[in-house]
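# Secondary and tertiary structure notes
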Amino acid sequence: ADPQFEYPVSPECVDWSVLYPTLCKDGVMKNDVNFADIGCGFGGLLIKLGENFPEHVSVGIEIREKVASYVDQRIKALRTENEGQYNNVAVIRTNAMKCITNFFKGGSLDKLFFCFPDPHFKTKNHRRRIVNRNSLSEFAFVLQPGGFLY
């Protein structure tokens, strides 16, 4: 585990009410998260998912602190400017390679998005690739049967 991140012990321990206050009642989500944008960058896809699929809940996962903070501020600003909208999107700063199963139950996600993952061409950096043999099994675990990985 990364010492810089706090991981929930299990998906049942995630406090979704911090990320989706209007979608939670007594700390419990009304709907499960449907889409995860891994390495969401500055949130372009995440925001569009929220706009185009208002009935679905989307989460962006970003490892870089400043970028995740920017996306969080962007979402909060959009929620303020557009009352009742963008309540279905949020961002988490964490390492998806190491803890995605700590956030999501098996078979819970409809779609996983990986846009422009860093290819890490040098052999010594292959361990840093987000899409690799080890992580694929974890990503498959959290996807629903028939779910999509983009």
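Scroll up for the structure.
A short tour of the structure in this document, coming up. (Residues numbered from 1 in each chain as written. Predicted model: local features only at pLDDT ≥ 70, side-chain atom pairs only at ≥ 80, totals over all residues. Heavy atoms only, no water.)

## Some thoughts on the side chain of Asn95
Position of Asn95 relative to the elements: it lies in the loop between strand 5 (89–93) and helix 3 (96–103). Using a relative accessible area of 9% as the deciding quantity, one classes Asn95 as buried. There is a polar contact of 3.0 Å between the side chain of Asn95 and the backbone nitrogen of Met97. (Helix = DSSP H or I, 4+ residues; strand = E, 2+ residues; numbered from the N terminus. Buried < 20%, exposed > 50% of the residue type's maximum accessible area, 1.4 Å probe, protein only. Polar contact = N/O pair within 3.5 Å; in protein donor to acceptor, adjacent residues only side chain to side chain.)

## Some details on the pattern of salt bridges
Counted according to the given criterion, the structure contains three salt bridges. Linking Glu51 and Lys48 is a salt bridge whose minimum nitrogen-to-oxygen distance equals 3.2 Å. Taken together, the residues span about one helical turn, with Glu51 and Lys48 both in helix 1 (residues 44–52) at a distance of three residues. A salt bridge links Arg64 to Glu62, with the shortest nitrogen-to-oxygen separation between them at 2.8 Å. Given the relative accessible area of 43%, Arg64 is considered partly exposed. By relative accessible area, which is 3% here, Glu62 ends up buried. (Salt bridge = Lys/Arg side-chain N within 4 Å of Asp/Glu carboxyl O.)

## Describing the nonpolar core
Formed by 27 residues in total, the largest nonpolar core has its most connected members in Trp16, Tyr20, Val33, Ile38, Phe104, Leu109 and Leu112. Listed by contribution, the elements that provide at least two residues to this core are strand 3 (35–38), strand 4 (58–62), strand 5, helix 3, strand 6 (109–114) and helix 4 (133–142). The element contributing the most residues to this core is helix 3, with four residues. Other than its neighbours up to four places away in sequence, Leu112 contacts Ala36, Ile38, Ile100, Phe139, Val142, Leu143, Phe148, Leu149 and Tyr150. (Core = buried A, V, L, I, M, F, W, Y, C linked by side-chain atoms within 4.5 Å. Contact = heavy atoms within 4.5 Å.)

## Observations concerning the sheet that holds strand 4
Strand pairs in the sheet, formed through backbone hydrogen bonds, run parallel or antiparallel to each other. With parallel pairing, five strands are arranged side by side in an open sheet as 5-4-3-6-7. The open sheet terminates on both sides in strands that have one partner only, identified here as strand 5 and strand 7 (143–149). Shown here is a sheet whose adjacent strand axes are inclined to one another by a mean of 20 degrees, direction ignored. One ladder, built from five bridges, connects strand 4 with strand 5; its direction is parallel. Counterpart to Glu62 in the pairing with strand 5 is Arg93. Sheet strands in contact with helix 2 (residues 65–81) are strand 4 and strand 5, and its direction is about 160 degrees off that of strand 5. (Pairing = 2+ DSSP bridges. Axes fitted to C-alpha atoms, helices over the stretch in contact; angles between N-to-C directions.)

## Comments concerning helix 3
Residues three or four positions apart in an α-helix share a direction because the helix packs 3.6 residues into each turn. Taken together, the buried positions of helix 3 are occupied by Ala96, Cys99, Ile100, Asn102 and Phe103. Angular distribution of buried residues about the axis of helix 3 spans 160 degrees; they occupy a single face of the element. Buried-residue contacts for helix 3 involve strand 3, strand 4, strand 5, strand 6 and helix 4. Its side-chain oxygen placed 3.0 Å from the backbone nitrogen of Met97, Asn95 serves as the N-cap of helix 3. (Arc of directions from axis to C-beta.)

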